[in-house]
Amino acid sequence: MRGKFTGGSLVEVLTSLCILGFALPVCLEALGMLFLLGLRINGYADRAFGVDWWFNRLERPVTLSSLEAMPRRGPSGKLHFQWEARVGDNGAVAVTLYVSDGLKWAGPLVESRVY
């Protein structure tokens, strides 16, 4: 009595390799996208914290001279702040804040408030 061959045939092995060749890159790409998504979410949360931190430090009543004393970097040194201010006809000061974390693929978070 002869023993049975338990290995797959060449066609089965090649079919398995083709399926793996198509499935593996898709799975790795999805894993990379999840990793980048996590980085983007953390970066957005950091920039949102920076916006609140910066506006909470703003002295009231807001004047153009008080804006010049505001910090250009966040508490950790990672965030960069730029702003534009304009005074309206009624004396209200509109401040537009741009917060970036220095990463080229993440754009700045922009928020405007009127005082």
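Everything quoted here is computed from the prediction, not taken from an experiment.

Analysis parameters
Residues numbered from 1 in each chain as written. Predicted model: local features only at pLDDT ≥ 70, side-chain atom pairs only at ≥ 80, totals over all residues. Heavy atoms only, no water. Helix = DSSP H or I, 4+ residues; strand = E, 2+ residues; numbered from the N terminus. Rg over C-alpha atoms; globule rule 2.2 N^0.38 Å. Areas by Shrake-Rupley, 256 points an atom, 1.4 Å probe, with all protein chains shown as cover. Phe/Tyr/Trp six-rings, centres within 6.5 Å; stacked < 30°, edge-to-face > 60°. Buried < 20%, exposed > 50% of the residue type's maximum accessible area, 1.4 Å probe, protein only. Salt bridge = Lys/Arg side-chain N within 4 Å of Asp/Glu carboxyl O. Core = buried A, V, L, I, M, F, W, Y, C linked by side-chain atoms within 4.5 Å. Contact = heavy atoms within 4.5 Å.

Draft legend 1. Here's a closer look at the overall build of the protein. Helices and strands together make up the secondary structure of the protein, namely two helices and three strands. Taken over the C-alpha trace, the protein has a radius of gyration of 28 Å; the compact-globule value for 115 residues is 13 Å, which it surpasses by more than 25%. Taken along its principal axes, the extent of the C-alpha atoms in the protein is 100 × 30 × 20 Å. Total accessible area on the protein is roughly 8,700 Å²; 63% of this is exposed by carbon and sulfur atoms.

Draft legend 2. Region of the structure containing the packing of aromatic side chains. Throughout the structure, instances matching the rule amount to five aromatic pairs. Measuring from centroid to centroid gives 5.2 Å for Trp-54 and Phe-55, while their planes differ by 85°, and the two rings are edge-to-face. Accessibility assignment for this pair places Trp-54 and Phe-55 in one class, buried. A ring pair is formed by Trp-54 and Phe-81, whose centres lie 6.5 Å apart and whose planes are at 35°; its orientation type is tilted. Within this pair, whereas Trp-54 is found in helix H1 (residues 10–57), its partner Phe-81 is found in strand S1 (residues 80–87), the two being separated by 27 residues in sequence. With relative accessibility at 0%, the residue Trp-54 sits in the buried group. Site record: aromatic cluster; members linked through ring pairs are Trp-53, Trp-54, Phe-55, Phe-81, Trp-83 and Tyr-115.

Draft legend 3. Region of interest: the pattern of salt bridges. If you walk through the whole model with that rule in mind, you get four salt bridges. Of the charged contacts in the structure, one is a salt bridge between Lys-78 and Asp-46, with a shortest N-O distance of 2.9 Å. You can see Lys-78 sitting in the loop between helix H2 (64–68) and S1 and its partner Asp-46 sitting in helix H1, a full 32 residues away along the chain. A salt bridge links Arg-113 to Glu-111, with the nearest nitrogen and oxygen atoms 2.9 Å apart. Given the relative accessible area of 26%, Glu-111 is considered partly exposed. Through salt bridges that share partners, Asp-52, Glu-111 and Arg-113 make up one connected network.

Draft legend 4. View of the nonpolar core. Counting residues in hydrophobic clusters, the biggest one holds 15 residues, and the most contacted among them are Trp-54, Phe-55, Leu-67, Phe-81, Trp-83, Val-95 and Leu-97. When contributions to this core are tallied by element, the ones reaching two or more residues are H1, S1 and strand S2 (93–100). Broken down by element, the residue count for this core peaks at four residues, all from S2. For Val-95, the contacting residues outside a window of four places in its chain are Trp-54, Phe-55, Val-62, Leu-67, Trp-83, Glu-84, Glu-111, Ser-112, Arg-113 and Tyr-115.

Draft legend 5. The arrangement of the environment of Arg-72 in detail. Relative to the assigned elements, Arg-72 resides in the loop between H2 and S1. For the pair Arg-72 and Trp-83, spaced eleven residues apart in sequence, the C-alpha to C-alpha distance is 9.2 Å. Each residue touching Arg-72, except ones within four places of it in the same chain, is listed here: Leu-79, His-80, Phe-81 and Trp-83.

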